[in-house]
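The chain contents come next:
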Amino acid sequence: TQVLRKSLQRGLVLSTGSFLVYEAHKLIFGFAEVHASFKVEEVIEQADYLYGSGDTEKLYRLLVQHKNSDDAELLWRLARASRDLAQLSSTSAEEKKQLTYDSLEYAKKALEKNESNSAAHKWYGICLSDVGDYEGIKTKIGNAIVIKEHFQKAIELNPKDATTIHLIGIWCYSFAEMPWYQRKIAATLFATPPTSTFQEALRYFHMAEEADPNFYSKNLLFLGKTYLKLNNKKMALLWLSKAKEYPAQTEEDKQVQKEALELLNSI
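For the protein chain, the name recorded in an unreviewed UniProt entry is Regulator of microtubule dynamics protein 1, with Cephalopterus ornatus as its organism. Under the Sequence similarities (unreviewed entry) heading, UniProt states for the protein chain: "Belongs to the RMDN family."

Q: Break down the environment of Ser217 for me, with residues and values.
A: Looking at the element boundaries, Ser217 is found in helix α12 (residues 217-229). If we ignore the near neighbours within four places in the chain, the residues touching Ser217 are Ala243, Tyr246, Asp253 and Val256.

Q: Give a description of the packing of aromatic side chains that names residues and reports values.
A: For the structure on display, the rule yields 7 aromatic pairs. Measuring from ring centre to ring centre gives 5.3 Å for Tyr173 and Phe198, while their planes differ by 70°; the resulting arrangement is edge-to-face. Of this pair, Tyr173 sits in helix α9 (residues 162-176) while Phe198 sits in helix α11 (residues 198-211); the two residues are 25 residues apart in sequence, bridging distant segments of the chain. Tyr173 sits in the buried class, given a relative accessible area of 4%. Between the aromatic rings of Phe205 and Phe222, the centroid separation amounts to 5.7 Å while the plane-to-plane angle is 45°, which identifies the pairing as tilted. Of this pair, Phe205 sits in helix α11 while Phe222 sits in helix α12, and the two are 17 residues apart along the sequence.

Q: Outline the environment of Glu41, supporting the account with residue identities and numerical values.
A: Mapped onto the elements of the fold, Glu41 is located in helix α2 (residues 17-53). A relative accessible area of 52% means that Glu41 is categorised as exposed. Separated by 32 residues in sequence, Glu41 and Glu73 have C-alpha atoms that sit 9.4 Å apart.

Q: Give a detailed account of unusual backbone geometry, specifying residues and quantitative values.
A: Despite not being glycine, Asn214 has its phi angle at roughly 60°, a positive value. One non-glycine residue, Asn231, adopts positive backbone phi at about 60°. Within the fold, Asn231 resides in the loop between α12 and α13 (233-245).

Q: Talk me through the pattern of salt bridges; I want residue IDs and the actual numbers.
A: Side chains bearing opposite charge may pair, as long as their charged atoms lie close to each other. Under the counting rule described, the total for this entry stands at 10 salt bridges. A salt bridge links Arg77 to Asp48; the shortest N-O distance between them is 2.8 Å. Linking Arg77 in helix α4 (residues 72-87) with Asp48 in helix α2, this pair joins segments that are 29 residues apart in sequence. One salt bridge in this structure joins Asp133 and Lys140, with 2.9 Å as the shortest N-O distance. Judged by its relative accessible area of 25%, Lys140 is partly exposed. Connected through salt bridges with shared partners, the residues Asp48, Glu73 and Arg77 form a single ionic network.

Parameters at a glance
Residues numbered from 1 in each chain as written. Predicted model: local features only at pLDDT ≥ 70, side-chain atom pairs only at ≥ 80, totals over all residues. Heavy atoms only, no water. UniProt positions renumbered as here; feature names shortened; annotations may be inferred. Helix = DSSP H or I, 4+ residues; strand = E, 2+ residues; numbered from the N terminus. Contact = heavy atoms within 4.5 Å. Phe/Tyr/Trp six-rings, centres within 6.5 Å; stacked < 30°, edge-to-face > 60°. Buried < 20%, exposed > 50% of the residue type's maximum accessible area, 1.4 Å probe, protein only. Salt bridge = Lys/Arg side-chain N within 4 Å of Asp/Glu carboxyl O.

Following this line, the structure appears as structure tokens:
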């Protein structure tokens, strides 16, 4: 208030109304900007705590209030929370579809606000892939190269992000096991259709594990599944056992445990 009073006094001495308006505007909005940035940091801190606690619904409710934010860090977190909520078994099919499309919009907006944000690239790739599930196999395959490009950009910006390395592994695995009819669709969409191998997928899954050991139940599961595809039962048993024993904190972890157990019983 003392600073504002001095500015106002100075404005009166100069007898220029424009100066008064400018100084008041600068002070008021300057403080508002500091307050806004502080608030964003507070929301992000709270969001990360809720994400770590696995409280998906509460996290979504917190972040969706800020869907009109210009902050890329808030927006990609909202994209992730929307997607996580869509993945819950308690979410209806209609809500799941809406949340899936919403998550892509939030990720897209995060990228528009900051193209150098690694997480925005990662979540844009993930959400674009999810939307493909509603738009048919042709669209999903057509988006494949764009998705991989965003994952690669995310790794370029953050080389130690194990999750994104894992996602490229998933991309490779999907193309390695692509059935013949999907390959025919890919051939009509691209001059040189995207391809991959289980060996390439395995390399990325191991790279992810090296970047952050035991970071994700699904990476353990896919190491086991890929070794199965490569007919290495000994290594498949090792990684599937790790996936089965992984402490389940999320619904996805429970699904991973279930699939790992089924595969172990089938070997």
